[in-house]
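# Working through the structure, step by step
For reference, the chains in residue letters:
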Amino acid sequence: MGTAIHLLLEGMPVSGPIDVALTTEKLATALTICGKGQTLSPPARERALDLLTGLDGGKLRSQFETSDILGKEVPLLMAPGREGPVGAWVGSIDLLYRCPETGDVVVADYKTDRVGDRDPKVVAEHHRSQGAVYVEAVQAIGRA
């Protein structure tokens, strides 16, 4: 379901209220586009609605309304660091925007992990290396 939610967020407008019913229909379509060819199970539908409702009323989305969106699904190709002589980091940055308060460029990466009883800092730590690569890529562009 994470890939489908990414597709959905990629096309979602950054301002105005989210039409949760319409968005849920789009999520089902996104699942088909992802090649899953399936409908959302009741638990998956409930999880998707929870994510969308949280996003709709959250501080982050309200910040996007006043931000300068620099890109969505920004392609990323970087040579590997000191990890070895071959290979590359390949991916895409979900959202790149300029913070309206500081003017800083912010890398946002959508995560659909269920935090549950876990410490949010521990969950975030799991994704730290990916975020570090994305930040390094954006900084390299700034130096070019």
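Given the structure is predicted, the values throughout are model-derived calculations rather than measurements.

Our next topic: the overall build of the protein. Looking only at helices and strands, the protein features six helices and three strands. Its helices and strands in sequence order give the protein the pattern α-α-α-α-β-β-β-α-α, from N to C terminus. In the protein, which comprises 144 residues, the share counted as buried stands at 26%. In the protein, once contacts between residues fewer than 6 apart in sequence are set aside, the share between residues at least 24 apart is 56%. With the model as given, the accessible surface of the protein reaches about 9,300 Å², and the carbon-plus-sulfur share is 56%.

A separate point is the pattern of salt bridges. Under the definition given, this model contains two salt bridges. The shortest N-O distance in the salt bridge between Lys 111 and Asp 109 comes to 2.6 Å. Since its relative accessible area comes to 26%, Asp 109 is described here as partly exposed. Across the pair Arg 128 and Glu 125 runs a salt bridge, and its minimum N-O distance is 2.7 Å.

This part takes up helix α6 (residues 128–143). With 16 residues, α6 should cover 22 Å at 1.5 Å per step; its first-to-last C-alpha distance of 22 Å lies within 8% of that length. The inward-facing, buried residues of α6 abut β1 (68–78), β2 (89–98) and β3 (105–108).

A few words now on the pairing of β2. Strand residues, when the strand is regular, have side chains that alternate between the two faces of the sheet. Sheet analysis places β1 next to β2, joined by nine bridges and oriented antiparallel. Among the inter-strand pairings, Val 74 is bridged to a residue of β2, identified as Ile 93. As defined by bridge partners, β2 adjoins β3 across four bridges and the pair is classed as antiparallel. Residue pairing across strands places Tyr 97 opposite Val 106, the latter belonging to β3. Taking the residues that link successive antiparallel strands as the turn, the β2-β3 hairpin has six residues, and the phi of Gly 103 there is positive, at about 80 degrees.

Looking at the secondary structure, you find Asp 119 in the loop between β3 and α5 (120–126). For Asp 119, a relative accessible area of 40% puts it in the partly exposed group. From its side chain, Asp 119 meets the backbone nitrogen of Lys 121 in a polar contact 2.9 Å long.

Let us look at the confidence of the model for the protein. Per-residue confidence for the protein gives a mean pLDDT of 76, with 69% of residues at or over 70. Least confident of the elements in the protein is helix α2 (residues 20–33), whose mean pLDDT is 65; most confident is β3, at 90.

This brings us to the side chain of Asp 94. Looking at where Asp 94 falls in the secondary structure, it is placed in strand β2. Among buried Asp, Glu, Lys and Arg side chains, Asp 94 stands out as unpaired, with Lys 111 the closest opposite charge at 6.0 Å. Among the polar contacts made by the side chain of Asp 94, one reaches the main-chain amide nitrogen of Tyr 110 at a distance of 2.7 Å. Dropping the residues within four chain positions of it, Asp 94 is found in contact with His 6, Gly 71, Lys 72, Glu 73, Ala 108, Asp 109 and Tyr 110.

Moving on to the environment of Met 78. As for its position among the elements, Met 78 is in strand β1. When its relative accessible area of 13% is taken as the criterion, Met 78 is described as buried. On a C-alpha basis, the gap between Met 78 and Ala 137 in space is 7.0 Å, while along the polypeptide they are 59 residues apart. Setting aside anything within four residues of it in sequence, one finds Met 78 in contact with Ala 88, Trp 89, Val 133, Glu 136 and Ala 137.

Rules and cut-offs
- Residues numbered from 1 in each chain as written.
- Predicted model: local features only at pLDDT ≥ 70, side-chain atom pairs only at ≥ 80, totals over all residues.
- Heavy atoms only, no water.
- Helix = DSSP H or I, 4+ residues; strand = E, 2+ residues; numbered from the N terminus.
- Buried < 20%, exposed > 50% of the residue type's maximum accessible area, 1.4 Å probe, protein only.
- Contact = heavy atoms within 4.5 Å.
- Areas by Shrake-Rupley, 256 points an atom, 1.4 Å probe, with all protein chains shown as cover.
- Salt bridge = Lys/Arg side-chain N within 4 Å of Asp/Glu carboxyl O.
- Expected span 1.5 Å × (residues − 1).
- Pairing = 2+ DSSP bridges.
- Polar contact = N/O pair within 3.5 Å; in protein donor to acceptor, adjacent residues only side chain to side chain.
- pLDDT = per-residue confidence, 0-100.
- Lys, Arg positive; Asp, Glu negative; His and termini not counted.

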